[in-house]
Structures are given as C-alpha cells and as structure tokens.
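# Structural overview
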Amino acid sequence: MKINPHTIVVSFIVMVDVDECANIEVFDVRKHNQYNYFVIGGSHSPEARSQLVIEYPTTFFFKYAECKIYVGRTMEGTKLLAWDHNNDDYR
C-alpha cells in the first residue's frame, strides 16, 4: 500500500441520516455536503484511511473516498446491507 497507494478500491457504503432525509424522493444531490452520513459496512476502512492521511499528508489519494449512498432504509435493511458489504469478494 505504501508503494502503490491506489490499492484501496472498495467503496464506502454510507447511509444518509434518516432524520435529515427520509427517502430518495427528498434527497437533494446539490446538498450532498450538508447531510450527515453513517458508514454502515466496513467501518474499519475509514479508520485505516484516516491513519494513512496522518502518515502521508501530501498523498491526495488517501483523502479521496468513493461512496455508495443509501437513503431511507429500514434498520433491518441497513444491517443486511452492512453484512453483505462485509462479505464481499475483496476479502
């Protein structure tokens, strides 16, 4: 990873705080920086990435994250999505 920083390829799976956005119909992509998001699968990845940013503050790639955003999921659906994400083909 330190030699080739482009090895982080798994997207973060995040969910918009349901109190701020209850369903996809009210999600406004123009306000994407105003929502609070929760990492619902692979929460160890953001922690690892933040450590890399501290260790390599000038490496832009460590500061970039691709996210798959989910809106309006039930708690049960969210748990299933997190479980599925943690059982992906990258392990």
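Scroll up to find the structure.
Here the structure is a predicted model, which means the values were calculated and not measured.

## Looking at the side chain of D17
When you line up the elements, D17 lands in the loop between β1 (12-16) and β2 (37-41). For the buried residue D17, which engages in no salt bridge, the nearest side chain bearing the opposite charge is R73, 14 Å off. Within polar-contact distance, the side chain of D17 engages the backbone nitrogen of D19 at 3.0 Å. The contact partners of D17, leaving out residues within four places of it in the chain, are N36 and F38.

## Describing the packing of aromatic side chains
Inspection of every chain in the model, using the stated rule, returns two aromatic pairs. For the pair F27 and Y35, a centre-to-centre distance of 5.1 Å together with 20 degrees between the ring planes defines the contact as stacked. Each ring, one from Y35 and one from Y37, has its centre 6.4 Å from the other, and the planes form 80 degrees; the classification is edge-to-face. Under the relative-accessibility criterion, Y35 is labelled buried at 12%. When its relative accessible area of 29% is taken as the criterion, Y37 is described as partly exposed. The structure contains a cluster of three or more aromatic residues connected by ring pairs, namely F27, Y35 and Y37.

Here is what the cut-offs are and how they apply
Numbering of residues begins from 1 in every chain and follows the order in which that chain's sequence is written. The model is predicted, so local features are restricted to residues of pLDDT at least 70 and side-chain atom pairs to those at 80 or more, both for listing and for counting; the totals for chains, interfaces and linings are taken over all residues. Side-chain metrics in this entry use all non-hydrogen atoms of the structure; hydrogen atoms and water are not considered. What counts as a helix is a DSSP run of H or I of at least four residues, what counts as a strand is a run of E of at least two, and both are numbered from the N terminus. A 1.4 Å probe rolled over the protein chains alone gives each residue an accessible area, and that area as a share of the maximum for its type sets the label: buried under 20%, exposed over 50%, partly exposed in between. Residues scored as charged are limited to Lys and Arg (positive) and Asp and Glu (negative), so that His and the chain ends carry no count. For this document, the term salt bridge refers to a Lys or Arg side-chain nitrogen within 4 Å of an Asp or Glu carboxyl oxygen. Under this definition, polar contacts are N or O atom pairs within 3.5 Å; protein pairs additionally need one hydrogen-donor-capable and one acceptor-capable atom, and for neighbouring residues in sequence, both atoms have to be side-chain atoms. Contacts are residue-level and defined by heavy atoms, with any inter-residue pair within 4.5 Å sufficient. The aromatic pairing rule takes the rings of Phe, Tyr and Trp, using the six-membered ring of Trp, and pairs them if the centres are within 6.5 Å, calling planes under 30 degrees apart stacked, those over 60 edge-to-face and the rest tilted.

Treat this as a map of the structure, not an account of what it does.
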